[in-house]
Amino acid sequence: MGTMLDATVDVPVPVETSKLQDADESFPGDKKITVVFVLGGPGSGKGTQCANIVQHFGFTHLSAGDLLRAEIKSGSENGTMIQNMIKEGKIVPSEVTIKLLQRAMRESGNDKFLIDGFPRNEENRAAFEEVIQTSPVPQTKIEPEFVLFFDCSEEEMQQRILGRNQGREDDNIETIRKRFKVFMESSLPVIEYYNSKGKVRKIDAGKPIEEVFEDVKEIFSPYSAQVA
Ligand SMILES: Nc1ncnc2c1ncn2[C@@H]1O[C@H](COP(=O)(O)OP(=O)(O)OP(=O)(O)O)[C@@H](O)[C@H]1O
Ligand SMILES: Nc1ccn([C@@H]2O[C@H](COP(=O)(O)O)[C@@H](O)[C@H]2O)c(=O)n1
Ligand SMILES: [Mg+2]
């Protein structure tokens, strides 16, 4: 799918977001946090490639969708709201998703993260900017190193999702169509925002898994030496 990344776009003014940083939500530790956002349409292969990157480059893979599905399973007070929004392919309020990401990052004990399927819209992006690291440099915003964008045609993504057989409630043709619409209307503008800052690393995700990973490896080669 040729995307509109080359088109100049008006980036919406970041929405006013509530402060998400509580004292116990800060990120102590002696190393700067490395974050790579992994973005692309539903079924583009984000989770598949993140699993490969984890194995080769020592990042922790945090799938926002997986964290939200775990929250549903936990029976938490937000579970029903999250389930209903996922069924509709809608984007959950950022405060909910970011809290889950912050907790997972803190519990991981790592300082290198692949954040998969986030930010999904402008609200997600702006809200994440409120997340800060308190050490080694106090009050530093966590900026993504880069955005790994898996570019794939809707036809290919739809075929992959319908063949996925993971029992996901949103892997049905009706919801898939809604997710594609959300991706085009809300998520692609976020990719274009980072592209305007030279931060996007675009991959042709329509190729076979192994060939896509060859391209991914080139982008992550600077992190090879850091794997313990
Ligand atoms: N390059 C590829 N070629 C063919 N099939 C692929 C490729 N990459 C992933 N798949 C398959 O496509 C399906 C979707 O892949 P994956 O779950 O990684 O996508 P995703 O981007 O994480 O999707 P979602 O946003 O819905 O979570 C899986 O069944 C996976 O095995
Ligand atoms: N930032 C996000 C990410 C995901 N969601 C919801 O989860 C669904 C599944 O996401 P996958 O990445 O696993 O496909 C997605 O369609 C959204 O409903 C979200 O709200 N915010
Ligand atoms: Mg996924």
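Scoring rules and cut-offs
- Each chain carries its own residue numbering, running from 1 in the direction its sequence is written.
- To read the labels, note that chains go from A and ligands from 1, taken in the order they are written.
- Totals for whole chains, interfaces and linings use all residues, but because this is a predicted model, local features are given only for residues with pLDDT of at least 70 and pairs of side-chain atoms are given and counted only at 80 or more.
- With hydrogens and water set aside, each side-chain value is computed from the structure's full complement of heavy atoms.
- UniProt positions are given in the numbering used here, feature names are shortened, and annotations may be inferred rather than shown by experiment.
- Where helices and strands are cited, they refer to DSSP runs of H or I of at least four residues and of E of at least two residues respectively, numbered from the N terminus.
- In a helix, the anticipated span is given by 1.5 Å times the number of residues less one.
- Using a 1.4 Å probe on the protein chains alone, a residue whose accessible area is under 20% of its type maximum counts as buried, one over 50% counts as exposed, and one in between counts as partly exposed.
- Note that the arc is defined by the directions from the helix axis to the C-beta atoms.
- The contact rule is simple, with two residues in contact once any of their heavy atoms fall within 4.5 Å.
- In this description, strands pair whenever DSSP reports at least two bridges between them.

Named according to an unreviewed UniProt entry, the chain is UMP-CMP kinase originating from Dioscorea cayennensis subsp. rotundata. The record in UniProt for the chain states the following under Subunit (unreviewed entry): "Monomer." Per UniProt, the chain has the following entry under Sequence similarities (unreviewed entry): "Belongs to the adenylate kinase family. UMP-CMP kinase subfamily."

Caption draft 1: Looking closely at helix H1 (residues 46-57). Taking 1.5 Å of rise per residue, the 12 residues of H1 would be expected to cover 16 Å, and the 16 Å separating its terminal C-alpha atoms lies within 8% of that figure. Burial in H1 covers these residues: Lys 46, Gln 49, Cys 50, Asn 52, Ile 53 and Phe 57. Within H1, the buried residues cover an arc of 160° as seen down the axis, which keeps them to one side. Taken together, the buried residues of H1 touch strand E1 (34-40), strand E2 (60-63), strand E3 (112-116), strand E6 (146-151) and helix H8 (209-220). Immediately downstream of H1, the backbone of Gly 58 shows phi near 75°, a positive value.

Caption draft 2: Here's a closer look at the pairing of E6. Counting buried positions along E6 gives 6 out of 6 residues, so the element sits mostly inside the fold. Neither face of E6 is open: one carries Phe 146, Leu 148 and Phe 150, the other Val 147, Phe 149 and Asp 151, and all of them are buried. The pairing of E6 with strand E7 (residues 200-204) spans 5 bridges and is parallel. When the bridges of E7 are listed, Phe 149 appears paired with Lys 202.

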